Amino acid sequence: MMRTYHCFWILFWVGHPHQSSSTPLSKRTSGFPENIKVLDLSRNNRKELHRSKRSWMWNQFFLLEEYTGSDYQYVGKLHSDQDRGDGSLKYILSGDGAGDLFIINENTGDIQATRRLDREEKPVYTLRAQAINKRTGRPVEPESEFIIKIHDINDNEPLFTKDVYNASVPEMSDVGTFVVQVTATDADDPTYGNSARVVYSILQGQPYFSVESESGIIKTALLNMDRENREQYQVVIQAKDMGGQMGGLSGTTTVNITLTDVNDNPPRFPQSAYQFRIPESTPPDAPVGRIKASDADVGQNAEMEYSIIEGDGSEMFGVVTDKETQEGIITVKKALDFEKKRQFTLKVEAANPHVDSRFLYLGPFKDVATVRILVEDVDEPPVFSRPAYVLEVKEDVHINTVIGAVTAQDPDIAKNPIKYSVDRHTDMDRIFNIDSGNGSIFTSKPLDRETLLWHNITVIAAEINNPKESSRVPVFIKVLDVNDNAPEFAMFYETFVCENAKAEQLIQTLSAVDKDDSFGGHKFAFSLAPEVASSSNFTLQDNRDNTAGIFTRRTRYNRHEMSVYLLPVVISDDDYPIQSSTETVMIRVCACDQRGKMLSCNAEALIHPTGLSTGALVAILLCIIILLVTVVLFAALRRQRKKEPLIISKEDIRDNIVSYNDEGGGEEDTQAFDIGTLRNPEAIEDNKLRRDIVPETLFVPRRTPVVRDNTDVRDFISQRLKENDTDPTAPPYDSLATYAYEGNGSVAESLSSLESVTTDGDQDYDYLSDWGPRFKKLADMYGGVDSDKDS
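Here's a quick rundown of the structure.

The rules behind each value
Residues numbered from 1 in each chain as written. Predicted model: local features only at pLDDT ≥ 70, side-chain atom pairs only at ≥ 80, totals over all residues. Heavy atoms only, no water. Disulfide = S-S within 2.5 Å. Helix = DSSP H or I, 4+ residues; strand = E, 2+ residues; numbered from the N terminus. Buried < 20%, exposed > 50% of the residue type's maximum accessible area, 1.4 Å probe, protein only. Contact = heavy atoms within 4.5 Å.

**Focus: the state of the cysteines**
Per the counting criterion, the structure on display carries two disulfides. Disulfide partner of Cys590: Cys601, at an S-S distance of 1.6 Å. Since a negative S-S torsion denotes a left-handed disulfide, the Cys590-Cys601 link at about 95° is right-handed. Here Cys590 is found in strand S43 (residues 580–592), whereas its partner Cys601 is found in the loop between strand S44 (598–600) and helix H1 (604–607), with eleven residues between them in sequence. You'll find Cys590 and Cys601 in the same group, each marked buried.

Below you can see the structure in the form of structure tokens.
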């Protein structure tokens, strides 16, 4: 293959003049002719190119990105004028990627790239070159700096900022209404060629939408798109670089577009007439039925308002809107009566409260339907002529006297007969009764206004053919007063007169009351009973104001002759018929001082002026007797406490008191301990030995100081305990005495395990093996002991 040599100059604009030169180099072929780029490092051999206000320099190399060849990619050549071709110079490269990404032939100055480069990673590399004498190691030229620029190729497709866009636009929008803007970016160099110039186009979504090629704005392209026909659209947008030319790279994105609702559909009833049936017993506010107008819109645009615009039932019925279901609920406003009106007709209107003026041309956004309501007859309970009855009756009427009547009738067409009765829960005493046929109310017991003024009863009216259909009405009966009660004293009068009273002296004022009612007020007349009017010691004066005064008739009274006077007084009223009663006033004769203040009214006070009354004497005597009995009982209890022993028990005290160092003998040992030892420590026998054991050596007992009388038993025991603990001659006999000796006469004999040790060799425990696996461990223990002894 022929090798050719070329030399070319690359000129770059800079702000100050440079000199550059090139030398012919051998050409390297890589499938197609390649220009050789030479960078001259010499300074003294530069040629200035004079041009007005411009200079040129030779310090840049250009390299295409994404090289795909198998060899290293050739970049350019460094050359110095000092290089005579004898190999005395060496070229050195430093800077970005030197020695790794870029390598240089130190003899020829050829620069090569060792791997493919990506402009999107790094667009410019800055390097420094120098020629050095191999023999001396000194540079022959100053260090020169140059750059390598990476030329862009179209190796990146446009990428959208989102994989999926979501947008919405109102339905029925005009053509060209903005929907959304999509954006795609290209990583290629926008300053070099058309690699980064992106053009948008629509691949899917026509003819409903369009996209501007330069901005990526999506707009509506079809008029009157109706959400009710189609709500969702999926549009695919393509972004292509190279200005959309053939060979450019492209990317796509999906745009989901939703048509939002507008109020462009008026409400419409699915039928023009509705009919409902309702019993006449339906209470007010109860629902009759539901009607609904359909609206193709949604949300706020589908809201309804129902109203009754006309009809003969507008006063009897109403309509409310159910906000959840957008239905019109027809309700009852007043009580219905089949016998009065059996059918009603209503005109119900359904309208949209939110109307869009842009779509008024589509027609009125309301609709009207006719509603017919049929009232059904039901068996109604009887209806009284009044909601309540008030009757009046005098309290002196005879039994079975009719005092009034109630009236009820069946409101139904059948007019069934009615039966009346009294609710006995309201008339427990059965004072009244009623005629079941005509509703006449009469008395069955006497009445008394003074006992009960009002009687409130309930009358029940029920159909004879259907007793379940019944109704109730309250009847209030007022008992009118008649003059059947005589006047009487307002209180019980008990007064006194002094022995030294003068004649015509006022001693008491009387007043009276009457249980009867009087509309004009009571008027009472007072007088003495005829039998005492002339012979009484007192006189009575009527004050004409419903009060009277009692006056003395003579001078001086003697309580020893007559201590109490009973004065009968007659009281009468002025009603018809006149009622009167005789009341008695008790007048005591008392001793008084000069000012008329009562001192005493008893005759005994004069006989025993300084003595006490019988009651006071009896009370004083009882107090003395109780005091004596209390003293005697207290003394007896004190004496009984002194005789009580220290410990009360039916058993012998020696069976309950145990010595600290002596557990006692057996059941026959009655000398184990003597309580006298505690009571009288001096009575202790000095040389008395223990009978329950045989000591090995006899020691002379120590003489302990005698504790005097009146010493506490606890102190005595504590002292003896301390002495025995410190006595070296006191063996621990209690360890054996507690269990080894139970007494000669004990039926159980000895229970001590210590004593039985001497006879273990005679005991046979082989029978434990016959008791089963539960006793195997015990049998092994005792069997092993026997075998050990035998061995």
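**Here's the deal with unusual backbone geometry**
Cis geometry is found at the peptide bond from Gln206 to Pro207, where omega equals 10°. Mapped onto the fold, Pro207 is located in the loop between strand S15 (199–204) and strand S16 (209–211). Residue Tyr576 is joined to Pro577 through a cis peptide bond whose omega torsion reads -5°. Looking at where Pro577 falls in the secondary structure, it is placed in the loop between strand S42 (564–572) and S43. For Gln326, which is not glycine, the phi torsion reads 55° and is therefore positive. You can see Gln326 is positioned in the loop between strand S23 (317–322) and strand S24 (327–332). Non-glycine residue Arg556 carries a positive phi angle of around 65°. Here Arg556 shows up in the loop between strand S41 (547–552) and S42. Residue Arg556 is classed as exposed on the basis of its relative accessible area, which comes to 52%.

**As for the side chain of Ser440**
Along the polypeptide, Ser440 turns up in strand S33 (residues 440–443). Its relative accessible area of 16% is what places Ser440 among the buried residues. Once residues lying within four places of it in the same chain are set aside, the contact partners of Ser440 are Val402, Gly404, Ala405, Asn433, Ile434 and Asp435.

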